[in-house]
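# Structure assessment
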Protein chains: 2
Amino acid sequence: MEEVAIIGAGQTPYGEFLYKGLKELFTEAYLEAVASVDRDFSPDLIEAAYIGCLSAGGGFQLGQLAPLLMGHVGLPDIPAVRVENACASGGFALYTAAMAVAAGRHEVVLAAGVEKMRDVAGDKGRLWLGVSGDTEYERLAGSTFAGIYALMANRYMHDYGLTREQLSLVPVKNHRHALANPKAQFRRELTLEEAMSGPMVAYPFNVWDCSPTSDGAAVVVLCNAKTALRFTDRPVYLAGFAAASDYLAVHDRETTTGLGAVRRAAAAAYRQAGLGPGDIDLAEVHDCFSIAEIMAYEDLGFCRPGEGARLLEEGRTTLGGGLPVNPSGGLKAKGHPLGATGCGQACEIFHQLRGTVREPSRQVSGARTALSHNVGGSGGSAVVCVYRKGE
Amino acid sequence: MEEVAIIGAGQTPYGEFLYKGLKELFTEAYLEAVASVDRDFSPDLIEAAYIGCLSAGGGFQLGQLAPLLMGHVGLPDIPAVRVENACASGGFALYTAAMAVAAGRHEVVLAAGVEKMRDVAGDKGRLWLGVSGDTEYERLAGSTFAGIYALMANRYMHDYGLTREQLSLVPVKNHRHALANPKAQFRRELTLEEAMSGPMVAYPFNVWDCSPTSDGAAVVVLCNAKTALRFTDRPVYLAGFAAASDYLAVHDRETTTGLGAVRRAAAAAYRQAGLGPGDIDLAEVHDCFSIAEIMAYEDLGFCRPGEGARLLEEGRTTLGGGLPVNPSGGLKAKGHPLGATGCGQACEIFHQLRGTVREPSRQVSGARTALSHNVGGSGGSAVVCVYRKGE
């Protein structure tokens, strides 16, 4: 396998953009990504594109979204395909694009994600939040995305004595991080008191435990590592990229206090990178609900099962701590445009490892390695990537 | 790049199956594919799955169809992702799966496609037929899938003098081929007179020029060519696999009497295989409308522009001719379950090159090479694969 590098990345702000459709959002991220390549780059070097999106198929463009978007930015000829695994669609776009570079088939490949959730016809935006689960056993039985994660949170609280207050440490931290991220959907400090007393969604979750619906796009430019130095002196290597699955219906899984798909993907990504959890300097994880970030710490090996909340209490995963998690603000505060999220994480890490985060208070200094964690629905699929700063 | 072989393939009959959903259709094709591997095979050797489907997202399972289906057949852990490019979704599943094997990442990978069009809620089955085009410029302006191809046919007739009778040679041939295919949706001889006088759909197309809506699934087992001989003495090599795109809206394209995406994909696939159009012994092409098969002959280099109808008149592309096209019956008579079609073509070719087609009258004898041609919508994307029989 050829080694894979990232040489450029861009993303839109996440939020509600009533006058921007999928084309406008994608183009904005695309132009920023292309412009971020340091030198000697031209869009016509891009040989293929893999684009993650969930809600195409239910709304605007029903089929062939990927060639449509690439045509819109002036690259109508190259292979372009949509990949979908619900909220992990962006991560899977990154994963399949990396495979095309690893195969030696292409030198420069685009991985992207885009989603429009905030002003779509009828109830579509909300409908997509029901997609996380198994249609026959979960969705049609009336369960919601929040409801399924709430089941996991309740079991976790029962098994490990996690408290309501500890859960709230996740949104409090991520809102604080997002304060310094001008692209975040919510730039608003959240006190622990507020975080514990929002309107109830599904016990134990109140509204502050839940990531929002968002519009947004993110684009990453991948390149064969051998030739990446032609375009930049400071590539970021995609040292490990791996995916795995699990039963969609939680009742079929071995555990509900962790995600098997994440554990398997993480093991494979660490193995490929030749690194372990102790080597990671920062991470962007999929905090679609507060419990999800706590389980992520454990599934990724940052701590043992049941110890996730301790990392939060000790400030270890806060900016300035030993292992900052979600310096972007995470899904909770940065926003969660489903298909874009996985590529947006890679975009944040690209800038963090290069030291090019524009806001000094959000820049993790001296980081050399990073990890991204993107989950489909309630854990039916997951992509874990490990990044290494170029020398 | 590692070389890629096909070691197994299976598919359901195509047609209307009111009591079978996506899970049942996929499982049926999966079990046939796994059972078709000659020896020493076990499903737990499958390391990843790429599944093409268009209509998930608008119907039954909204997200994460791929891990859902793999969990249903007992492989819940492996990376599984849906790929979508409208009617070329199956071809793109094959293409991305082949890339994962070519990368050396996986030894055995599943490529699959599945679609349910015949008994879905409301107008969804028909709605998907509007997906071929650009939503803003074509679909919302009222154009249909048949209407767009009809525009191309009219232009082609104007430019090259193609007659209404010549168009009908396509469905007549493909219906004749399907007579010997027990898995075909329509096993019914079609006379030239009938073919020319069906109810009008969009001039010049009557109903016999148009492929049907279908339920169905197809599964292909890919393997690294180095180890394929462990599982069979007669692998079929995927000597070339390539994809390309074009503007979705036909008004943006360079020509409307051929598909640029197909020409580009074919050039790349021939180059990779080290073969040319003259080396191909049989082909499965995407005859979604009668004109599409005629343009395919030309775009694939089987003849020069404007000469497609002559191949039909000479019987060259009929079973028994020098270059049989669509021995399965093609999309017109075998059926066209959108996401399944591309993998179903590979399944037909797998058996043709191995000499294991069950119906002697349909078996192309002595074929050593083959080509498949799968088109997204009206040509916004295309996958072309070139196959070589193992020695």
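Across its full length, chain A carries 13 helices and eleven strands. Relative to a compact globule of 391 residues, whose C-alpha radius of gyration would be 21 Å, chain A shows 19 Å and is just as compact. Dimensions of chain A, computed from C-alpha atoms along their principal axes, come out at roughly 55 × 45 × 40 Å. Taking all 391 residues of chain A together, the buried fraction comes to 68%. For chain A, the proportion of contacts with a sequence separation of at least 24, taken over those separated by at least 6, is 77%. Of the roughly 12,200 Å² of accessible surface on chain A, 51% is carried by carbon and sulfur atoms.

Before going further, it helps to examine the interface of chain B and chain A. You'll often see interface size given as the accessible area lost when the parts meet. In this assembly, 61 residues from chain B lie in contact with 61 residues from chain A. Three residues, B:Leu62, B:Gln64 and B:Arg105, lead the burial of chain B against chain A; their summed loss comes to 16% of the area buried on that side. At the junction of chain B and chain A, the tally comes to six salt bridges. Between A:Glu136 and B:Lys23 there is a salt bridge, with its nearest N and O atoms 2.6 Å apart. Our count for the contact surface shared by chain B and chain A stands at 26 residue pairs in polar contact (both at pLDDT 80 or more). Elements supplying a minimum of two residues to the side of chain B that touches chain A: α2 (65–72), β3 (80–84), α3 (89–102), α5 (135–139), β8 (236–245) and α10 (260–273) of chain B. Sorting elements by how many residues they give to the side of chain B that touches chain A places α3(B) first, with six residues. Here the side of chain B that touches chain A is built from residues that sort into 31 nonpolar, 20 polar and ten charged.

Residue and element names in this part refer to chain B. Of all ten residues in helix α11 (residues 290–299), ten are buried; the element is thus mostly enclosed. Its buried side turned inward, α11 meets α6 (145–160), α7 (164–178), β6 (205–206), α10, α12 (308–313) and β10 (369–376). Looking one or two places after α11, you find Gly301, whose phi comes out positive at around 85°.

Time to look at the pattern of salt bridges. What the rule picks out here adds up to 48 salt bridges over all chains. When the shortest N-O distance is used, the salt bridge between B:Glu84 and A:Arg82 registers 2.7 Å. Of the two residues, B:Glu84 is situated in strand β3 and A:Arg82 in strand β3 (residues 80–84); the pairing between them involves two chains. Here B:Glu84 matches A:Arg82 in class, with each residue buried.

Once that is clear, we can look at the environment of B:Ala88. Residues and elements named next belong to chain B. Among the structural elements, Ala88 can be located in the loop between β3 and α3. The exposure class of Ala88 is buried, given its relative accessible area of 0%. Distance from Ala88 to Ala249, taken between C-alpha atoms, is 16 Å for residues 161 residues apart in sequence. If near-sequence neighbours (up to four positions away) are discounted, Ala88 is found in contact with Asn374, Val375, Gly376 and Ser381.

Further remarks concern the packing of helix α1 (residues 22–35) of chain A against helix α2 (residues 65–72) of chain A. Residues and elements named next belong to chain A. Their axes nearest at 10 Å, the elements α1 and α2 cross at an angle of 60°. As the angle between them shows, α1 and α2 are arranged oblique. At the point where α1 passes α2, the crossing takes the right-handed sense. Residues Leu22, Lys23, Phe26 and Thr27 of α1 touch α2, and the partners they reach there are Leu65, Leu68, Leu69, Met70 and His72. Classifying every residue of the contact of α1 with α2 gives six nonpolar, two polar and one charged.

With that settled, consider α2(A). Residues and elements named next belong to chain A. Counted residue by residue, α2 has seven buried out of eight residues, so it is predominantly covered. Among the residues of α2, those classed as buried are Leu65, Ala66, Pro67, Leu68, Leu69, Met70 and Gly71. Count one or two residues on from α2 and you reach Gly74, which has phi positive near 90°.

Residues and elements named next belong to chain A. Structurally, Ala33 can be placed in helix α1. A C-alpha to C-alpha distance of 21 Å links Ala33 and Val364, two positions 331 residues apart in sequence. When near neighbours in sequence (up to four residues on either side) are disregarded, Ala33 contacts Gly8, Ala9, Gly10, Val219 and Val221.

Between chain B and chain A, which share one sequence, the superposing operator has a rotation angle of 180° and an axial displacement of 0.0 Å; the RMSD is 0.0 Å. Expressed as an axis order, the relation between the two copies is that of a two-fold axis. Considering only C-alpha atoms, the part of chain B nearest the rotation axis is B:Ala103, at 1.7 Å. In this assembly, 100% of the residues forming the interface of chain B have copies in chain A that are likewise at the interface, indicating an isologous arrangement.

Let's shift gears to the side chain of B:Asn326. Residue and element names in this part refer to chain B. By the secondary structure assignment, Asn326 is in the loop between α12 and α13 (330–333). A relative accessible area of 0% means that Asn326 is categorised as buried. For Asn326, the contacting residues outside a window of four places in its chain are Lys173, Asn174, His177, Ala283, Glu284, Val285, Asp287 and Glu293.

Turning next to the pairing of strand β10 (residues 369–376) of chain A. Across the eight residues that make up β10(A), a large majority, eight, are buried. Hairpin connection, β10(A) to strand β11 (residues 381–389) of chain A: the antiparallel pair is bridged by four residues, and A:Gly377 has positive phi, about 55°.

What follows deals with the packing of aromatic side chains. All names here are of chain A. Tallying each qualifying case throughout the model produces 18 aromatic pairs over all chains. Ring geometry for Tyr95 and Phe241: centres 6.2 Å apart, planes at 70°, overall edge-to-face. With a gap of 146 residues between them, Tyr95 in helix α3 (residues 89–102) and Phe241 in strand β8 (residues 236–245) connect regions that are remote in the sequence. Residue Tyr95 is classed as buried on the basis of its relative accessible area of 2%.

A separate point is the pairing of strand β1 (residues 4–11) of chain A. Residue and element names in this part refer to chain A. Counting buried positions over the eight residues of β1 gives eight, a clear majority of the element. As judged from the two bridges shared by β1 and β8, these two strands associate in the antiparallel manner. Across the sheet, Ala5 pairs through a bridge with Tyr237, a residue of β8.

Moving on: the side chain of B:Thr317. Residues and elements named next belong to chain B. Within the fold, Thr317 resides in the loop between α12 and α13. A polar contact of 2.9 Å, which involves the side chain of Thr317, links it to the side chain of Tyr297. Sequence-distant contacts of Thr317, that is, excluding residues within four places in its chain, are made with Lys173, His177, Tyr297, Leu311, Leu312, Leu323, Pro324 and Val325.

Attention shifts here to the environment of A:Arg187. Residue and element names in this part refer to chain A. Along the chain, Arg187 falls in the loop between α7 (164–178) and α8 (192–196). Through-space distance from the C-alpha of Arg187 to that of Arg39 is 33 Å; in sequence the pair is 148 residues apart. Among all residues touching Arg187, those that are not within four sequence positions of it are Ala178, Leu179, Ala180, Asn181 and Pro182. A polar contact of 2.8 Å, which involves the side chain of Arg187, links it to the backbone oxygen of Leu179. In terms of polar contacts, Arg187 uses its side chain to reach the backbone carbonyl oxygen of Asn181, at 3.5 Å.

What follows is about the nonpolar core. Among the nonpolar cores identified, the biggest contains 86 residues, and A:Tyr50, A:Leu222, A:Tyr387, B:Tyr50, B:Leu222 and B:Tyr387 are the most heavily contacted of them. With near-sequence residues (within four places) excluded, B:Tyr50 lies in contact with A:Tyr95, A:Thr96, A:Met99, B:Val81, B:Ala93, B:Thr96, B:Ala97, B:Ala100, B:Val109, B:Leu110, B:Ala111 and B:Ala112.

This next bit is on the state of the cysteines. All names here are of chain A. For the structure shown, the criterion picks out zero disulfides over all chains. The thiol sulfur of Cys347 is not disulfide-bonded, and the nearest other cysteine sulfur, from Cys343, lies at 9.2 Å. Take Cys347: its relative accessible area is 3%, and that puts it in the buried class.

This paragraph deals with the confidence of the model for chain A. For chain A, per-residue confidence averages 95 on the pLDDT scale, and 96% of positions sit at 70 or higher. Scored as a complex, the prediction yields pTM 0.97 and ipTM 0.97.

The rules behind these values
- Residues numbered from 1 in each chain as written.
- Chains lettered and ligands numbered in written order.
- Predicted model: local features only at pLDDT ≥ 70, side-chain atom pairs only at ≥ 80, totals over all residues.
- Heavy atoms only, no water.
- Helix = DSSP H or I, 4+ residues; strand = E, 2+ residues; numbered from the N terminus.
- Rg over C-alpha atoms; globule rule 2.2 N^0.38 Å.
- Buried < 20%, exposed > 50% of the residue type's maximum accessible area, 1.4 Å probe, protein only.
- Contact = heavy atoms within 4.5 Å.
- Areas by Shrake-Rupley, 256 points an atom, 1.4 Å probe, with all protein chains shown as cover.
- Buried area = accessible area lost by both parts, 1.4 Å probe.
- Salt bridge = Lys/Arg side-chain N within 4 Å of Asp/Glu carboxyl O.
- Polar contact = N/O pair within 3.5 Å; in protein donor to acceptor, adjacent residues only side chain to side chain.
- Nonpolar A, V, L, I, M, F, W, Y, C, P; charged D, E, K, R; others polar.
- Axes fitted to C-alpha atoms, helices over the stretch in contact; angles between N-to-C directions.
- Parallel < 35°, antiparallel > 145°, perpendicular 65-115°, else oblique.
- Left-handed = near helix turned anticlockwise from the far one by under 90°.
- Least-squares fit on C-alpha atoms with pLDDT ≥ 70 in both.
- Pairing = 2+ DSSP bridges.
- Phe/Tyr/Trp six-rings, centres within 6.5 Å; stacked < 30°, edge-to-face > 60°.
- Core = buried A, V, L, I, M, F, W, Y, C linked by side-chain atoms within 4.5 Å.
- Disulfide = S-S within 2.5 Å.
- pLDDT = per-residue confidence, 0-100.

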